[in-house]
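Listed here are the chains, written in short residue letters.
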Amino acid sequence: MNSYSGFSLVRHSLRGHRGWRRAWRNPQPKPHYDVVIIGAGGHGLATAYYLAGKHGVRKIAVLEKGYLGGGNSGRNTQVCRSNYFYPESAAFYEHSLKLFESLSADLNFNIMFSQRGCLELSHSLEELEMNRRWATAMTMNGIDSEVLGREEIHKLAPILDLDCRFPIVGGSIQRRAGISRHDAVVWAYARAASALGVDIIQDCEVLGFESGSGRIEGVKTNRGMIHAGQFALCVAGHSSVLAAMAGLRLPIESIALQAMVTEPLKPVLHTVVGSAAIHAYISQSDRGEIVIGGGAEPFNSYAQRGGIPALRDNASAVVELIPSFSRLRIMRQWAGICDISPDSSPIVGKSPVENLYLSTGWGTGGFKAIPAGGDTLAYTIACDRPHQLLQPFSLDRFATGRLIDEGAAAGVAH
Ligand SMILES: Cc1cc2nc3c(=O)[nH]c(=O)nc-3n(C[C@H](O)[C@H](O)[C@H](O)COP(=O)(O)OP(=O)(O)OC[C@H]3O[C@@H](n4cnc5c(N)ncnc54)[C@H](O)[C@@H]3O)c2cc1C
């Protein structure tokens, strides 16, 4: 693996940048592996990396029907934060945020992690009370959080119209939160996993499973049969489809979520801003584009595109907060399919099929979970018992009733 540094950049520039090696190998599938991971998004690749790096599993394949990072991991709005309400979620997402803080150095790849803060606005005194409750819960869980008044918000983001149609009365901020370039996270894990011997096989679609005595023996793919001892499903957007092939019915709904970017501007917005009431969130990318996200489409679908009504709602919500943005032109719009569980929390860990592990239900907020999701699922597969942080997120909570209703508690799903 090439080392990426200022020194290697200078050294390669002297040879016209012709000596760089490919960031990851492009191997042919082998007939047998110890672990097969389906889906080369952030979660699949991170799981492979930690399985190989921390647990010494060497024969691992990650099978991807398209190109790596072509799913939601390369389509999201890049927000990373740990401002969750319940202790179970707070512990898990805080572990992820801490891994993000050192990820560029750990993987020797600049993931452009920028801790510019994540500001959640309140538009009424009642909402501010809820924000205060949320911030207090975070403080009790050992996570940084501050409640801000109007003046502090004005100082932080002067471009916001505090007296907009839904006047801003205050808000809360997690200053360690921020954004990280999404495809860089995927590429960083792919490069590091490949260097540890993981076979990342693109254009390899899983079409079915071969089972026997309550176990999965192998996967049928468009590139032949592949056998393994253990299997993991990391296929956001298609978890129910793949699980059904293995004989499982998951409590998952699949819904398209869209995002868009405007033409680039000089730096005008130095923090991530979200509003649960207006239902939109925005940040400015390092290229200057305003990245806009909002609510999911109102119906279930496997079509990886968003409709005009949601686009219009998201754009008009942002214009409520920053009227001058009405003059900006939208450059690109896209969507991904999110797998959403009934309590808006992920389902990760063992499944009723002995050697099949699940990573699903990340909904509209699984990008920020990639490092912790990979780390804890790798532990669960290697030790065949749930990682401590994953125990609350098991599938059987829908039978026991121990739900972690983050959507309702925190008021945001992203
Ligand atoms: C518009 C949008 C904005 C978002 N914003 C945020 C945000 O700001 N912050 C945040 O934390 N999260 C956000 N998310 C959610 C986040 O992107 C996802 O939760 C996360 O990327 C899921 O990662 P993954 O690795 O599980 O899935 P993916 O990255 O979707 O990877 C799954 C892979 O499985 C592959 N696959 C599917 N079926 C098969 C098959 N049969 N055989 C082989 N491969 C298969 C797919 O091609 C895909 O590459 C957003 C999502 C969207 C769509």
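Residues numbered from 1 in each chain as written. Predicted model: local features only at pLDDT ≥ 70, side-chain atom pairs only at ≥ 80, totals over all residues.

A. Geometry of the overall build of the chain. Across its full length, the chain holds 11 helices and 18 strands. Projecting the C-alpha coordinates of the chain onto the three principal axes gives extents of approximately 65 × 65 × 40 Å. The buried share of the chain, taken over its 414 residues, is 50%. Partitioning the intrachain contacts of the chain with sequence separation of at least 6 by distance along the chain shows that 74% fall at a separation of at least 24. (Helix = DSSP H or I, 4+ residues; strand = E, 2+ residues; numbered from the N terminus. Buried ≥ 20, exposed ≤ 12 C-beta atoms within 10 Å, placed from the backbone. Contact = placed C-beta atoms within 7 Å.)

B. Quick look at the pairing of strand S2 (residues 60-63). Of the two faces of S2, the one holding Ile60 and Val62 and the one holding Ala61 and Leu63 are both buried throughout. With four bridges joining them, strand S1 (residues 32-38) and S2 adopt parallel strand pairing. Considered in S2, the bridge of Val36 is made with Ala61. The β-α-β motif built from S1, the intervening helix H2 (residues 42-55) and the parallel element S2 has right-handed crossover chirality. Two strands pair when backbone bridges link them, and S2 and strand S8 (residues 199-201) are joined in this way by three bridges, in the parallel orientation. Bridged to Ala61 within S8 is Asp199. (Pairing = 2+ DSSP bridges. Right-handed = clockwise from strand over helix to strand, strands pointing away.)

C. The nonpolar core, seen in detail. Val36, Ile38, Leu45 and Tyr189 are the most contacted members of the largest nonpolar core, which has 118 residues in total. The element best represented in this core is helix H6 (residues 182-195), accounting for eight residues. The two domains that each donate at least three residues to this core are domain 1 (25-78 + 182-252 + 343-410) and domain 2 (118-175 + 254-339). The contact partners of Tyr189, leaving out residues within four places of it in the chain, are Gly42, Leu45, Ala46, Tyr49 and Leu107. (Core = buried A, V, L, I, M, F, W, Y, C linked by C-beta atoms within 7 Å. Domains from an automatic or database assignment.)

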